[in-house]
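Structure at a glance
Spelled out from the first residue to the last, the chains are:
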Number of protein chains: 2
Amino acid sequence: MRSARAIAHSNVALAKYWGKRDERLVLPETGSISITLDALWTEASVRFGEGDGPDLIEVGGAPAGPSDGRRTLRVLDLVRSMAGFSGTAEVHCWGNLPLGAGLGSSAAGFAAIATAASAALGLRLTEAEVSALARQGSGSACRSVPGGFAEWLCGRAPDGSDSYAVRLFGPEHWDLRVVIAIVNSGRKEVSSRLGMRRTAESSVFYDAWRLSVERELREVRQALADRDLTRLGEAAERSAMRMHATTLGADPPFSYWLPATLAVLSRVRVLRRGGTEAYATIDAGPNVKVLCRPQEVGVVEAALRDVQGVEDVLTSGPGPAARVLPA
Amino acid sequence: MRSARAIAHSNVALAKYWGKRDERLVLPETGSISITLDALWTEASVRFGEGDGPDLIEVGGAPAGPSDGRRTLRVLDLVRSMAGFSGTAEVHCWGNLPLGAGLGSSAAGFAAIATAASAALGLRLTEAEVSALARQGSGSACRSVPGGFAEWLCGRAPDGSDSYAVRLFGPEHWDLRVVIAIVNSGRKEVSSRLGMRRTAESSVFYDAWRLSVERELREVRQALADRDLTRLGEAAERSAMRMHATTLGADPPFSYWLPATLAVLSRVRVLRRGGTEAYATIDAGPNVKVLCRPQEVGVVEAALRDVQGVEDVLTSGPGPAARVLPA
């Protein structure tokens, strides 16, 4: 039975990943650090057969789009090559995440696919190897493999063998909460991949961005170690605002933000002025993720629900590593 | 009779000014280019008397706030010093511009004050000298002195004597229109002066911004010479988006935008996709100025009025130089 099923959780970068030094191998320009989101997950089942027909790749019961399909194929081919296997594959993914909305569907999906595919062919890969495999489907997916609070090491090797994510702390380290204000759950107009390419190629701010990341990585690592929400939140906001600033420096400029994105950011500042420690971060998309303490989730959720243009609010704690599920 | 009355018009930078190399003399880090706005103006009347009491400075019938008062005093003192006069001054300003909303009230106001004050004391200053004088009240005011399409020369002299605005083209050169979507006519939370100081001091993008301006100045000059709206609009949008990106790179980050600012930007892109050439620029404030051709003003005005959060829409053509009015 060359089949396996796996689950992986989405993640949100606290120190952002934005731009590749190698497009094909998905090697980043900088390191990044994330929190895994327990509440948002994707399951993947992968079955390899003896035939030589085309692979079947389905997401949520429908054939995968061209970009998802091509990237899944890349992960499958890497796994087949490692295992010396040449049959066809059947991949089914499902989960509770809207696709392409900047909520980490690719991260969870490719972490689950890499975990399931390598298990299905009986490869005994280390976590780092699975993470590097997931990375080649979608960069941020490598961080969902170790789960918890994870750092994607930038690496230096041209073949990408040292560019994978490691666990800084398990999910039990800090019961931080992420309240997500969904202002648009549709697929974004500019994919993360395209957005970071445009930025790296044409933004007058890209070099300064790249150079600014190291400090934020240090800040986030230390804040996580100390469970210091103020320090973490301030670094995460700086990182997110700077990432989005780089898109305004592209030629032509572009932005992932919607009016409601700014309305949520404004509400977060109001919360802070009122004494509730809440900090915003935004990935490539219009939705806003707000970091806060468990005992303040109620206040934060209510405040965000009240913002015009917010469609839904959901909350997550830190999530576990990607893992194979019983058959 | 040591008194005079003058009028000056607001202006919008097409290639933005953002940051000073000398705070006291108001010397910029880079050059900038603007279009003067015929529809938005301020009048100033200045009367000098023999007494030695405090100066009286009123804006719109009320005493000037501390910042406006201090800056007006600086211009008055410079004029008195040039004229070797030591009496008191009485200044009244009024106009059709909301104050401190990023619509150029300081630009029009200090251009009018510099013009009126120097005339009141019988100084026979060149346009460049009046422009340099207005600059010390508010940087962008120097561009409202020559009017039309004006370039503020960065200059190099430590005393600021070569940092003033020159007229690139008169208002008759090109009947360009600026449609202004007012989303908030209140005073902004962070003044331009404070915003650019915070940015220059802490933004990781400030150096890149500074280095990026020269290209946009060339683009804007050439586009004005050729009356090329596409080239002008694209350069103006790049310049504006980059200026606002620098504030997101400050520590802590900040922004002048409101949700409706983004909604207007989005509507401008929709107009362009529909074949109406319209380009957005934004100064330090949430309001959006849209460049278009005279025959498309109706379409643009209607589109902007329709955007949620837009309080008012007004349109201007290119405006004239600051000038002394008959007594």
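Residues numbered from 1 in each chain as written. Chains lettered and ligands numbered in written order. Predicted model: local features only at pLDDT ≥ 70, side-chain atom pairs only at ≥ 80, totals over all residues. Heavy atoms only, no water.

In this section: the relation of the copies chain B and chain A. Each copy of the sequence occupies a distinct position, and chain B is placed on chain A by a rotation of 180 degrees and an axial shift of 0.0 Å, giving an RMSD of 0.0 Å. Each copy turns onto its partner about a two-fold axis. Proximity to the rotation axis, assessed at the C-alpha, singles out Pro259(B) in chain B; its C-alpha lies 1.9 Å from the axis. Both copies present the same face, since 100% of the interface residues in chain B are matched by interface residues at the equivalent positions in chain A. (Least-squares fit on C-alpha atoms with pLDDT ≥ 70 in both. Contact = heavy atoms within 4.5 Å.)

Listed by partner, the interface residues are 23 residues for chain B and 23 residues for chain A. When chain B packs against chain A, the two sides together hide about 2,000 Å² of surface, and 72% of this comes from carbon and sulfur. Remark: the boundary between chain B and chain A carries four salt bridges. One can count six residue pairs in polar contact (both at pLDDT 80 or more) joining chain B with chain A. Elements with a contribution of two residues or more to the side of chain B that touches chain A: helix H6 (206–226), helix H7 (229–248) and helix H8 (259–273) of chain B. When its residues are assigned to classes, the side of chain B that touches chain A shows 14 nonpolar, four polar and five charged. (Buried area = accessible area lost by both parts, 1.4 Å probe. Salt bridge = Lys/Arg side-chain N within 4 Å of Asp/Glu carboxyl O. Polar contact = N/O pair within 3.5 Å; in protein donor to acceptor, adjacent residues only side chain to side chain. Helix = DSSP H or I, 4+ residues; strand = E, 2+ residues; numbered from the N terminus. Nonpolar A, V, L, I, M, F, W, Y, C, P; charged D, E, K, R; others polar.)

Turning our attention to helix H2 (residues 105–120) of chain A. All names here are of chain A. In this model, H2 (16 residues) spans 22 Å end to end at C-alpha, consistent with the 22 Å of a helix rising 1.5 Å per residue. Counting buried positions along H2 gives 14 out of 16 residues, so the element sits mostly inside the fold. A positive phi of about 70 degrees marks Gly122, the residue just after H2. (Expected span 1.5 Å × (residues − 1). Buried < 20%, exposed > 50% of the residue type's maximum accessible area, 1.4 Å probe, protein only.)

The linkage connecting Asp251(A) with the following residue, Pro252(A), adopts the cis geometry, with an omega of 0 degrees. Along the polypeptide, Pro252(A) turns up in the loop between helix H7 (229–248) and helix H8 (259–273). Positive phi is not limited to glycine here, since Val26(B) has a value of about 55 degrees. In this structure, Val26(B) sits in the loop between strand E2 (20–22) and strand E3 (27–28). Exposure remark for Val26(B): the relative accessible area of 1% places this residue in the buried category. Of note in the backbone geometry, Arg227(B) takes a positive phi value of approximately 50 degrees without being a glycine. Note on placement: Arg227(B) falls in the loop between H6 and H7.

Residue and element names in this part refer to chain A. If you trace the backbone, Tyr279 turns up in strand E11 (residues 279–282). Along the sequence, Tyr279 and Ala236 sit 43 residues apart, while their C-alpha atoms lie 7.6 Å from each other. Once residues within four sequence positions are removed from consideration, Tyr279 is found in contact with Leu229, Thr230, Gly233, Glu234, Glu237, Val268, Arg272, Lys289, Val290 and Leu291. A polar side-chain atom of Tyr279 sits 2.4 Å from a polar atom in the side chain of Glu277.

Right, let's talk about the packing of H8(A) against helix H9 (residues 297–305) of chain A for a bit. Between two packed helices, what matters for the description is the angle formed by their axes and the separation of those axes. All names here are of chain A. Packing of H8 against H9 brings their axes to within 10 Å, and their N-to-C directions diverge by 140 degrees. The angle between H8 and H9 falls in the class oblique. Crossing of H8 over H9 shows right-handed handedness. Where H8 approaches H9, its residues Val264, Arg267, Val268 and Leu271 are matched on the opposing element by Val299, Val300, Ala303 and Leu304. For the contact of H8 with H9, a count of residues per class yields seven nonpolar, no polar and one charged. (Axes fitted to C-alpha atoms, helices over the stretch in contact; angles between N-to-C directions. Parallel < 35°, antiparallel > 145°, perpendicular 65-115°, else oblique. Left-handed = near helix turned anticlockwise from the far one by under 90°.)

Further remarks concern the domain arrangement of chain A. Residues and elements named next belong to chain A. As far as domains go, chain A holds domain 1 (2–171) and domain 2 (177–316). The distance between the C-alpha centroids of domain 1 and domain 2 comes to 23 Å. Tallying the contact residues gives 35 residues for domain 1 and 45 residues for domain 2. For the pairing of domain 1 and domain 2, the buried interface totals around 3,200 Å² over both sides, and the portion due to carbon and sulfur atoms is 65%. Of all residues in domain 1, the largest losses of buried area upon contact with domain 2 belong to Leu14, Lys16 and Trp18, amounting jointly to 29% of the total for that side. Joining domain 1 to domain 2, the criterion identifies five salt bridges. A salt bridge links Glu151 to Arg221; the nearest nitrogen and oxygen atoms lie 2.8 Å apart. For the pair domain 1 and domain 2, the interface holds twelve residue pairs in polar contact (both at pLDDT 80 or more). Of all the secondary-structure elements, those providing two or more residues to the side of domain 1 that touches domain 2 are strand E1 (3–15), strand E4 (32–49), helix H1 (66–83), strand E8 (149–152) and strand E9 (165–169). Along the lines of polarity and charge, the residues of the side of domain 1 that touches domain 2 split into 19 nonpolar, seven polar and nine charged. (Domains from an automatic or database assignment.)

So, on to the sheet that holds strand E10 (residues 177–182) of chain B. Residue and element names in this part refer to chain B. With respect to topology, four strands assemble into an open sheet ordered E11-E12-E10-E13, the strand pairing being antiparallel. At either end of the open sheet lies a strand with only one pairing partner, and these are strand E11 (279–282) and strand E13 (312–316). Ignoring strand direction, the axes of neighbouring strands in this sheet form an average angle of 25 degrees. Note that E10 and E13 share five bridges and pair antiparallel. Bridge assignment links Ala181 to a residue of E13, and that residue is Val313. The strands touched by H8 within the sheet are E10, E11 and strand E12 (288–292), with E11 carrying the most contacts at an inclination of about 160 degrees. (Pairing = 2+ DSSP bridges.)

Let us look at the sheet that holds strand E10 (residues 177–182) of chain A. Residues and elements named next belong to chain A. Strand order in the open sheet made by the four strands is E11-E12-E10-E13, with antiparallel pairing throughout. Strand pairing shows two members of the sheet lacking a second neighbour, E11 and strand E13 (312–316), which therefore form its edges. Between one strand axis and the next, the sheet turns through 25 degrees on average, direction left out of account. Both E10 and strand E12 (residues 288–292) contribute to a ladder of five bridges, which runs antiparallel. Counted as the bridge partner of Ala181 is Val288 from E12.

Turning next to the side chain of Ser144(A). Assignment of secondary structure puts Ser144(A) in helix H4 (residues 141–144). Contact partners of Ser144(A), with chain neighbours within four places excluded, come to His9(A), Ser10(A), Asn11(A), Ala107(A), Ala108(A), Ala111(A), Ala321(A) and Ala322(A).

A few words now on helix H3 (residues 127–135) of chain B. Among the residues making up H3(B), those that are buried are Val130(B), Ser131(B), Ala132(B), Leu133(B), Ala134(B) and Arg135(B). Looking at the packing, one finds that the buried side of H3(B) touches E3, helix H1 (66–83), helix H2 (105–120), helix H4 (141–144), strand E8 (149–152) and strand E9 (165–169) of chain B.

Time to look at the packing of aromatic side chains. Aromatic ring pairs are defined here through the distance separating the ring centres and the angle between the ring planes. All names here are of chain A. A complete count under the given rule lists nine aromatic pairs over all chains for this structure. Aromatic pair Trp18 and Tyr256: ring centres 6.0 Å apart, planes at 80 degrees, arrangement edge-to-face. Of this pair, Trp18 sits in the loop between E1 and strand E2 (20–22) while Tyr256 sits in the loop between H7 and H8; the two residues are 238 residues apart in sequence, bridging distant segments of the chain. We classify Trp18 as buried; its relative accessible area is 2%. When the centroid spacing of 5.8 Å and the interplanar angle of 80 degrees are considered together, the rings of Phe254 and Tyr256 count as edge-to-face. Overall, the relative accessible area of 10% leaves Phe254 in the buried class. Residue class for Tyr256 comes out buried when judged on its relative accessible area of 7%. A cation over an aromatic ring shows up here: Arg198 above the ring of Phe254, its NZ or CZ 5.3 Å from the ring centre. (Phe/Tyr/Trp six-rings, centres within 6.5 Å; stacked < 30°, edge-to-face > 60°. Lys NZ or Arg CZ within 6 Å of the ring centre and 35° of its normal.)

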